[in-house]
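Secondary and tertiary structure notes
Spelled out, the chains give:
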Amino acid sequence: MQASALKNGNRSGGQGSESSKSPGTVVAKDGGKLIVCTAPLTETIDHAGYFIQMALASMPTWMEFVLNSRYPKWRNVEYNPDGSARYMPAGVRLVQQSLGREFRADDMVACFPDDLEKFIGPNTRVIAVSTHNPLGVTFAAGVYTSIFGSTREPINSHYSKLLFAKIKGNPYRQNFKVIVGGSGGWQISQTNSFEELGVDCVVEGRSESDEVMEIFRKAVRGEMIPREVTASHPRTREAILFPDRRTTFGVVEMTTGCGRRCQFCLPDLNPQIDLPKESIMAAVRANVRDGNRQISLATEDMFIWGQVKTETPFFFPNREALLDLYSEIVNTPGVEQHVLSHCTMAPFVVDPLLIKRLSELLLPKSPLHLPRVSTHPQKKILAPLIGLETGSVRMAKKIMPGKAVPFSVEEWPSIVLEGLRIANENNWFPVMTLIVGSPDETDEDVKATLDLVYEIERRGLFAFLVPSIFTPLHDTRMEKQKGISETRRLRPLQWQLILKCWKLSMRPGLTTWWGPMAWRVGSLLMWLLKLRRSNGPNFTWPLVMFSSALPERLLERMGKIYIGKPLKTKTRKELIASLRHNYLQYLRPDNGDLPESYPPPPVTARNPEALRAVS
């Protein structure tokens, strides 16, 4: 079928004709849109603070009152003049951009869930839904919802189900197909929840692909479509599209893939691509044009940008390229805020001066403040997401052997501590994730992670430590492996690690005289009323530690907790000295700490000594 025919669509009515609408029901204008794109409300909000998305993904539904109290207007959204959504998640915008190659703009719309009936009518043939966590089984969601009560359903899963129920109950349902994409689609496939949620097809992969376009073509023609589709990932930067409309939180894609090959990671399986600066900046300007004041570059590791497929290994950051890109972004007229996405820890050790220069650029535009730890005049901080995952070298070698490059993974505790020192000195206080209950994790592995966490505390360093129970994500190298699956099965040391991380993470926020007392009383009261039953006996003494009802030293003497042994780790100079000889040529001399053998001899065919060093 030619593209022109597709643009007209199949406009015939069906069993859900307009005459079947009950009195008082909103009727879609002009018979509705051919393709309607949407996402759960909790994934579309574009305000109320940076960390609200993490709370919505982690807190159980019964605790929604906490968010309602802190952010009473979090449900408020903004509209375009035609009633469509003024902003949508970047994935939804990418679907619109991809479909725009074959379908007319007038045939498509992106709307908020409460407005679906305004756009779904007898002419509608496809509802495209992007969802991050429809069933509440992402990394953080399971552990946090389970800890807080018997339900495992986080807030955003609740709102996802409301969205699917609304679509399923639409009077025109028999006329259209429901196609689901986004990072949470796999949850529907693995649990076979198609019928329950009213989903016709789950797409794994990016919307630019031919496979996705063909699914939409078939759905528009009214043909049968498969339940599951795996779409190929673009292999070149030119094949990746950028939305030209406003995205939630101003998200603009920066890179795909990572290259460190962690066993538990799904995005790292994608090709390692850094996207063109001109395309990134066009998307930034589109966000500003549509009223967005904030920009956030989406990436698995911001430090690989500008260094992919160059003569320099990607794990040695391209300082000039990164400073140029971020400088142009934060200096774009209309950009008032900038928020960092993901990165890794080793580059902090590789190029501390890059971190300092980025701080000078980015801190003035950061919306995040942390008065108790920041040395910035306005107490601003930068808080990228970094995977710590484990403090056990044995586990690190098993599940993430490339996490430490260019250093050896044997030095992982030293890299974390030295990198965090450099980060904190420049007012970077990252959100660092840990995995609890990985397959084959022993108590000795948990103790090694506790050693590292306590060493962070002893050295006066700070990060927001976010532990979560191991989740075997589909298509990863660990998808068939099983670890701890529910909080009642956590061992005492694992509970202690989770609650110690929480305790340290909340420390900077408890600045009032009444804050610490409120947490002590509140946590003990929750234990008495609910948590001792829902989380089992192994939870009790770690909770006492968390509440500070008894000193940790006393609890250790009682044999109830483990407070870690001091770690002897390497300095940056010692870590640099441990590098392979051929890596020395990529170091920046202005960072100092270079070994006596620097600079290394050039690697050429006429220099056999250098060739032997490389090999």
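Residues numbered from 1 in each chain as written. Predicted model: local features only at pLDDT ≥ 70, side-chain atom pairs only at ≥ 80, totals over all residues. Heavy atoms only, no water.

**Examining the overall build of the chain**
Assigned secondary structure in the chain consists of 24 helices and 15 strands. Looking at the chain as a whole, 56% of its 615 residues are labelled buried. Within the chain, residue pairs in contact and separated by at least 24 positions form 76% of the contacts whose partners lie at least 6 positions apart. As displayed, the chain offers around 25,700 Å² of accessible surface, 54% of which is attributable to carbon and sulfur atoms. (Helix = DSSP H or I, 4+ residues; strand = E, 2+ residues; numbered from the N terminus. Buried < 20%, exposed > 50% of the residue type's maximum accessible area, 1.4 Å probe, protein only. Contact = heavy atoms within 4.5 Å. Areas by Shrake-Rupley, 256 points an atom, 1.4 Å probe, with all protein chains shown as cover.)

**Side note on the nonpolar core**
Core analysis: the biggest nonpolar cluster contains 96 residues, and Ile-280, Phe-303 and Trp-428 have the highest contact counts within it. In this view, Ile-280 contacts Phe-242, Val-252, Glu-253, Met-254, Leu-275, Leu-297, Trp-305, Leu-325 and Ile-329; residues no more than four positions away in its chain are not counted. Core analysis: the next-biggest nonpolar cluster, separate from the first, contains 28 residues, Tyr-87, Ile-179, Cys-201 and Val-203 among them. (Core = buried A, V, L, I, M, F, W, Y, C linked by side-chain atoms within 4.5 Å.)

**Quick word on unusual backbone geometry**
Negative phi is the rule for most residues except glycine; trans is the rule for most peptide bonds. Looking along the chain, the bond that leaves Val-405 and enters Pro-406 is cis, with omega of 15°. Despite not being glycine, Lys-379 shows a phi value in the positive range, around 60°. For Ser-548, which is not a glycine, the phi torsion comes out positive at approximately 60°. Tracing the backbone through its elements, the reader meets Ser-548 in the loop between α21 (540-547) and α22 (552-557).

**Here we look at the environment of Phe-176**
Assignment of secondary structure puts Phe-176 in the loop between α8 (155-168) and β4 (177-181). On the accessibility criterion, Phe-176 (2% relative accessible area) is buried. Remark: the alpha-carbon pair of Phe-176 and Pro-122, spanning 54 residues in sequence, is separated by 8.9 Å. Not counting chain neighbours up to four residues away, the residues in contact with Phe-176 comprise Ile-120, Thr-124, Arg-125, Val-126, Ile-127, Ile-167, Asn-170 and Asp-200.

**Here's the deal with the pattern of salt bridges**
Inspection of the entire model under this criterion finds 42 salt bridges. Put simply, Arg-217 and Glu-214 hold a salt bridge, and the shortest N to O gap is 2.8 Å. With a gap of three residues between them, Arg-217 and Glu-214 both fall in helix α11 (residues 210-221), about one helical turn apart. Residue classification places Glu-214 among the partly exposed residues on the basis of a relative accessible area of 27%. Taken together, the salt bridges that share partners define one network made up of Glu-102, Glu-214, Arg-217, Arg-221 and Glu-223. (Salt bridge = Lys/Arg side-chain N within 4 Å of Asp/Glu carboxyl O.)

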